[in-house]
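Each chain, written out:
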Amino acid sequence: MRNKIPLSAKVLLLILIPFSIRAKTLTYPVNVGNMVCEYKTNPISVDVSNPRLSWKLYSLIRNTRQNAYEIRVGSNALLLTKGKKLIWESGRVNSDQSTQVPYKGPALISREKCYWQVRVWNNKNQASGWSEVNYWKMGLLNRSDWVAHWIQDTYKSDTTGGPSPMFRKEFNIKKPIRAAYLYITAHGVYEAQLNNERVGNDYFTPGFTSYKKRLQYQVYDVSSAIKKGDNAIGVTLGDGWYRGYTYDRKKDVYGSKLALLFQLEVIYENGSRQIITSDKNCRVTYGPILKSSFFDGELYDARNEKPGWSGADYNVSQWDNVQTNDSIKDHLIAMYGPPVTKHEKFTPIQVLTTPEGDRVVDFGQNLVGWVQFRLKGKAGDTLRLFHGEVLDQKGNFYNKNLRTAKQEITYVFKDGDAETYEPHFTFQGFRYVKIQGYTGPIDSTNFVAYALYSDMGQTGNFSTSNELVNQLQHNIQWGQKGNFIDIPTDCPQRDERMGWTGDAQAFCSTATFNMNVASFFTKWLKDLSADQLKNGAVPYVIPNVLDSTYVAASGWSDVATIAPWTIYLAYGDKQILQQQYASMQSWVSYIQSHSRNNLWDTGNHFGDWLFYSGTDYEDGAALTDKNLIAQAFYAYSTQLLINAAKVLGRDEDVRIYTLLLNSIKKAFQTEYVTPSGRMISGTQTSYVLALNFDLLPENLRESAIKRLVQNIDDYDGHITTGFLGTPYICQVLSRFGYTDVAFSLLMKKSYPSWLYPVTKGATTIWERWDGIKPDGTLQDPAMNSFNHYAYGAIGDWMYKDIAGIRTDENSPGFHKIWITPHVGRHLTSAQGTLETMYGAIKSAWSIADSTYTLNVTIPPNTTANIVLPSVSGLITESGNNIYTVPEISNIQKNNTGMQLTIGSGDYTFVYTYKPTVPVVKH
């Protein structure tokens with residue numbers, strides 16, 4: 001019975017397995033489910049020529065692997081299950097590949113709907129049944145597929161910050177329909193309605209891209225909304241990213257005129273097709289949205305509402321004609337990343353009256369989204385909502401850190417009945433809402449808040465025996481949610497909200513643990529390539545709403561190499577390296593062309609942004625030479641380019657860039673390192689980067705790590721790094737045997753530290769280590785975001801080293817797994833879970849009375865190397881000596897404990913824990 005999963009684990013696994021799979025568990029030793037095409041379940045707007053298919057295996061039997069698979073694709077779901085009229089069948093393919101398997105059938109055409117199934121054989125040559133039928137539908141692959149016309153209102157050309165135009169068109173359906181699809185995009189952002197019902201659950205569509213080169217369109221299945229007879233479609237537009245205000249109150253970045261493009265394709269039961277398009281027959285007017293802006297909020301006058309305006313029987317005699325504009329260059333592409341959708345709902349935890357007499361609602365969480373209310377007011381009464389993240393030292397409402405952004409909702413009532421409202425083309429970053437113009441009761445019956453963020457899906461969880469650390473993890477996740485609004489922004493509340501590249505590269509790896517960000521970053525990186533200058537320079541922000549002078553900063557622009565490699569490791573996605581390789585190569589070439597004697601000491605750089613200096617000025621003792629940082633990231637980007645070249649089989653590039661890397665490292669050592677190993681900038685960041693990027697020769701690394709540890713000790717055990725050093729400091733300490741120091745840094749509660757904001761009541765990650773100072777006063781409002789995610793990069797170390805979950809770089813995407821948990825002071829337990837492309841990984845350890853217990857879950861079709869720390873005496877697994885468990889192999893001692901290899905399944909290891917190295921106090 002030793003090769004069977006314990007009963008308790010079986011119960012847990014049955015809970016985790018989808019019901020459709022559980023129903024087959026007794027029939028097949030291995031089952032297939034969780035099927036996705038290009039990271040999506042049943043997508044209907046695929047525009048890649050060979051879509052990639054992925055699936056997960058489910059089995060109650062340990063050490064289950066896939067030895068072969070078979071895919072079949074057809075144009076009819078029922079015939080597919082009978083194996084008839086197939087478009088393509090792979091036949092049996094002897095392979096363990098269950099992710100990113102490309103379709104290899106005949107070329108696909110626009111609108112084509114493909115149904116697919118897969119079955120697999122396990123490592124005992126036992127076959128699964130055929131999976132349930134999934135599908136994908138191709139988008140419009142050619143510009144000629146679009147027969148619609150771009151339409152615009154006929155009002156004055158630039159109404160940025162003004163009213164939102166409402167477009168409408170009527171159409172008639174005479175026959176029974178089989179299906180109907182709406183293809184739609186806009187210059188600006190849109191909300192569509194069909195017969196007075198909202199289309200889809202997405203917000204801020206078509207999303208934010210490099211509009212002059214890439215404009216997304218969305219596709220919605222509206223079959224159930226179409227009725228026989230008269231119908232109507234209505235679309236409202238807002239400024240959005242296209243022409244709305246951006247940094248420094250700049251507007252009209254991509255154009256000054258909003259525009260709409262849609263075509264509704266109706267397929268009748270007899271196979272014929274009718275296409276309803278945006279054209280000169282549409283009508284337009286203004287409505288209740290008088291102003292809308294991501295920065296400033298929304299002005300909504302309910303007296304201007306037009307009830308039933310997108311219904312068939314609405315009178316448009318007072319509406320205006322539209323103008324068509326066929327000169328628009330649209331560069332249409334199907335949507336790839338996840339849409340922004342509505343998520344968690346928050347009710348007020350308290351309503352307080354501040355010392356200044358303001359009535360303020362506290363939602364208990366700094367979130368990004370908006371407030372929905374249901375209230376009564378007389379016609380013309382005005383309600384104003386002001387949004388802020390914190391209260392000031394005296395407990396008053398505070399929003400000075402918004403700078404020029406208003407984050408204000410103004411609502412004008414229409415009559416005495418209860419009215420329900422939520423915004424349309426704006427979002428706010430807030431915990432507290434100040435209310436003006438309403439004196440009635442405030443509670444969960446009339447005020448709620450909703451979080452909005454890209455629909456990525458949570459994949460990771462991390463928790464420990466320490467509640468402050470757990471709150472830190474909570475803050476990291478909410479920092480990610482609030483800043484992943486279609487792009488990875490730098491802050492979601494003030495007049496910025498741009499895709500800062502430095503923040504994204506620092507946090508990218510942590511992001512892959514918390515949520516499924518594969519398509520999110522794939523889409524964003526395509527915009528990076530689009531906005532990259534011809535000379536290879538990468539702008540500070542993507543999409544680039546600044547100008548071409550704001551480019552090429554070390555640690556920021558290096559996202560061009562760091563993010564693709566990170567996504568490749570997390571998801572085993574070789575295609576992203578193929579997609580971004582030219583961009584990666586171009587970025588390294590840019591640095592090379594701006595270097596002298598292999599030394600990058602030119603240009604403008606941000607350096608170790610917001611490092612601790614005591615005074616927050618650049619004359620502090622923690623100041624790291626910006627050119628040293630630039631050289632370090634030059635080496636790192638070159639190394640990642642070499643890594644990508646190896647994966648892609650570009651052997652000549654490997655040779656060329658390896659020679660370059662050697663020269664870069666020699667230049668670094670000559671310029672910034674003394675013969676004894678001392679850095680010219682004796683800061684934590686300088687030693688961290690030198691060690692993490694392997695810039696020092698082997699004989700100098702021991703002295704360097706000791707100097708790093710001494711520097712931490714000199715600051716009384718505090719961290720002093722900024723945006724560029726912080727992601728790596730604990731990883732470097734663990735790598736070189738100083739995990740105890742890393743834990744000490746993590747557990748520090750006084751400023752500067754990760755837990756200091758937690759002790760101050762933070763529910764997200766702050767931009768500064770001391771957004772709220774120890775005396776309770778607030779940092780400089782010119783730059784003091786309370787929802788920034790860069791310092792949340794510590795989450796990567798928490799998952800990888802405390803829980804111990806990491807992928808094998810030689811078999812990425814967690815096809816081969818390392819479980820290497822580290823035990824630290826102040827923690828008696830820790831647990832990490834991660835839903836990978838293969839299934840759920842779990843690593844949970846605890847210590848009680850010197851007994852160490854490690855519970856591990858490894859998904860089917862993967863293997864894992866386990867490193868058990870500080871082993872003393874007998875190790876058991878589910879009560880059996882590990883040497884007698886058939887699924888355990890390669891048992892060997894290493895420097896830190898015992899290493900072994902296991903296959904899929906649930907395992908429980910127990911032994912006496914005895915640290916072999918004394919805990920060093922810092």
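Please refer to the structure higher up on the page.
First, a word on what this report is: a plain description of the structure on this page. Along each chain, the written sequence defines residue order, and numbers are assigned to residues from 1. For a predicted model such as this one, the threshold for reporting local features is a pLDDT of at least 70, and the threshold for listing and counting side-chain atom pairs is 80 or more; totals across whole chains, interfaces and linings nevertheless cover every residue. To get the side-chain values, take all heavy atoms of the structure and skip hydrogens and water.

Tallying secondary structure elements over the protein gives 17 helices and 46 strands in all. In this treatment the radius of gyration is a C-alpha quantity, and the globule benchmark scales as 2.2 Å times the residue count to the 0.38 power. Taken against the 2.2 N^0.38 rule, which gives 29 Å for 922 residues, the C-alpha radius of gyration of the protein at 29 Å falls within 12% of a compact globule. Principal-axis analysis of the C-alpha atoms gives the protein an extent of 85 × 70 × 60 Å. Partly exposed describes any residue whose relative accessible area lies between the buried limit of under 20% and the exposed limit of over 50%, with all areas from a 1.4 Å probe on protein chains only and scaled to the type maximum. Counting the 922 residues in the protein, one finds 63% classified as buried. Expressed as a percentage of contacts within the protein between residues at least 6 apart in sequence, the contacts between residues at least 24 apart total 75%. Note on areas: these come from Shrake-Rupley sampling with a 1.4 Å probe, and a residue is covered only by the protein chains present in the view. Here the protein has roughly 34100 Å² of accessible surface; of this, 47% comes from carbon and sulfur atoms. For the purpose of counting charges, residues Lys and Arg are taken to be positive, whereas Asp and Glu are taken to be negative. His and the chain ends are not included. Here the site of a charge means NZ on Lys, CZ on Arg, CG on Asp, or CD on Glu. Charge separation in the protein, taken as the distance between the mean sites of 92 positive and 85 negative side-chain charges, equals 6 Å. Secondary structure elements follow DSSP: runs of H or I of four or more residues count as helices, runs of E of two or more count as strands, with numbering from the N terminus. Between two residues, a contact is recorded if the distance between any of their heavy atoms is within 4.5 Å.

The next thing to look at is the sheet that holds strand 45 (residues 897-902). Each strand in a sheet pairs with its neighbour through backbone hydrogen bonds, running either in the same direction (parallel) or in the opposite one (antiparallel). DSSP bridges decide pairing: two strands pair if at least two such bridges lie between them. Pairing in this open sheet of five strands is mixed, and the strands run 36-37-41-45-44 from one edge to the other. Each edge of the open sheet carries a strand with a single partner, namely strand 36 (805-807) and strand 44 (888-893). In this sheet, adjacent strand axes meet at a mean angle of 20° when their direction is disregarded. Where strand 36 meets strand 37 (residues 816-819), three bridges bridge the pair, whose relative direction is antiparallel. When the bridges of strand 37 are listed, R806 appears paired with W818. Whenever a helix is involved, its axis is fitted only over the stretch in contact; in every case the axis is a line through C-alpha atoms, and angles between N-to-C directions fall within 0 to 180 degrees.

Taken together, four strands build an open sheet; the order of strands is 4-3-6-7 and the sheet is antiparallel. The two strands at the open ends of the sheet, each matched to only one other strand, are strand 4 (86-89) and strand 7 (134-137). Pairwise comparison of adjacent strand axes, ignoring direction, gives a mean angle of 25° for this sheet. Sheet topology places strand 3 (residues 66-74) next to strand 6 (residues 113-122); eight bridges connect them, and they run antiparallel. Bridging across to strand 6, A68 finds its partner in W121.

To continue, consider empty space enclosed by the protein. Buriedness for pockets is judged along seven lines, at least five of which must meet protein on both sides within 12 Å for an open set on the 1 Å grid over protein atoms alone, while cavities are sets there where a 1.4 Å probe fits but cannot get out, and lining residues have an atom within 4 Å of a point. Grid points are joined across faces, edges and corners, and a volume is the space filled by probe spheres set on the points. This structure, assessed with the given rule, holds six cavities of 30 Å³ or more. Approximately 150 Å³ is the volume attributed to the largest cavity. Lining of the largest cavity is provided by 16 residues; of these, W241, Y245, T246, E496 and R497 occupy positions nearest its centre. Here the residues of the lining of the largest cavity are counted per class, giving ten nonpolar, four polar and two charged. Estimates place the volume of the second largest cavity at around 80 Å³. Taken together, L472, N475, W754, P757, V758, A762, T764, I765, W766, R768, W769 and Y791 make up the lining of the second largest cavity. Classes in brief: Ala, Val, Leu, Ile, Met, Phe, Trp, Tyr, Cys and Pro nonpolar; Asp, Glu, Lys and Arg charged; the others, Gly included, polar. In terms of residue class, the lining of the second largest cavity is made up of nine nonpolar, two polar and one charged.

Attention shifts here to the layout of surface pockets. Reported here for the second largest pocket is a volume of approximately 640 Å³. Along the wall of the second largest pocket there are 26 residues; nearest its centre are K40, T41, P43, P339 and D455. Taken together, the elements giving at least two residues each to the lining of the second largest pocket come down to strand 13 (215-221) and helix 7 (518-531). A per-element tally of the lining of the second largest pocket places strand 13 first, with five residues.

Quick look at the environment of Q831 now. Following the sequence through the fold, Q831 ends up in strand 38 (residues 829-835). Taking the C-alpha atoms as reference points, Q831 and M798, separated by 33 residues in sequence, lie 9.8 Å from one another. Once residues lying within four places of it in the same chain are set aside, the contact partners of Q831 are N461, F462, S463, A803, K842, S843 and A844.

Relative to the helices and strands, Q458 is located in the loop between strand 32 (447-454) and strand 33 (460-464). A relative accessible area of 41% places Q458 in the partly exposed class. Along the primary structure Q458 and N516 are separated by 58 residues, whereas in three dimensions their C-alpha atoms are 6.4 Å apart. In this view, Q458 contacts Q477, K481, N514 and M515; residues no more than four positions away in its chain are not counted. Throughout this description, a polar contact denotes any pair of N or O atoms lying within 3.5 Å of each other; where both atoms belong to protein, one of them has to be capable of donating a hydrogen while the other can accept it, and for residues adjacent in sequence the pair is counted only when both atoms sit in side chains. At 3.1 Å, the side chain of Q458 forms a polar contact with the backbone oxygen of G460. Within the structure, Q458 has its side chain in polar contact with the side chain of N461 (distance 2.9 Å).

Of the two faces of strand 37, the one lined by I817 and I819 is fully buried and the one lined by K816 and W818 carries no buried residue. With four bridges joining them, strand 37 and strand 41 (residues 863-869) adopt parallel strand pairing. When the bridges of strand 41 are listed, W818 appears paired with N865.

Relative orientation of the contacting elements helix 15 (residues 739-747) and helix 17 (residues 794-803) amounts to 135°, with a least axis distance of 12 Å. It follows that helix 15 is oblique to helix 17 by the angle criterion. In the packing of helix 15 onto helix 17, the handedness of the crossing is left-handed. Every residue of helix 17 that contacts helix 15 at T739, A742, F743 and L746 is listed here: I794, W797, M798 and I802. Here the contact of helix 15 with helix 17 is built from residues that sort into seven nonpolar, one polar and no charged. Geometric relationships in this document are graded by angle, where less than 35 degrees denotes roughly parallel, more than 145 denotes roughly antiparallel, 65 to 115 denotes roughly perpendicular, and other angles denote oblique. Each crossing gets its hand from how the near helix is turned against the far one by less than a right angle, where anticlockwise is left-handed and clockwise is right-handed.

The rule for a salt bridge is simple: a side-chain nitrogen of Lys or Arg has to be within 4 Å of a carboxyl oxygen of Asp or Glu. Applying the stated rule across the entire model yields 37 salt bridges. Here R62 ties to E877 by a salt bridge, and the two come within 2.9 Å at their closest N and O atoms. Taken as a pair, R62 in the loop between strand 2 (52-58) and strand 3 and E877 in strand 42 (residues 871-877) lie far apart in primary sequence, 815 residues in all. A residue is classified by how much of its surface remains accessible, and R62, at 5% relative accessible area, is buried. Of the charged contacts in the structure, one is a salt bridge between E702 and K706, with a shortest N-O distance of 3.3 Å. Placement of both E702 and K706 in helix 13 (residues 698-714) is noted, with a separation of four residues, approximately one turn of the helix. By relative accessible area, which is 53% here, E702 ends up exposed. Overall, the relative accessible area of 45% leaves K706 in the partly exposed class. Residues joined by salt bridges that share partners form a network here, namely R403, R494, D495, E496 and E767.

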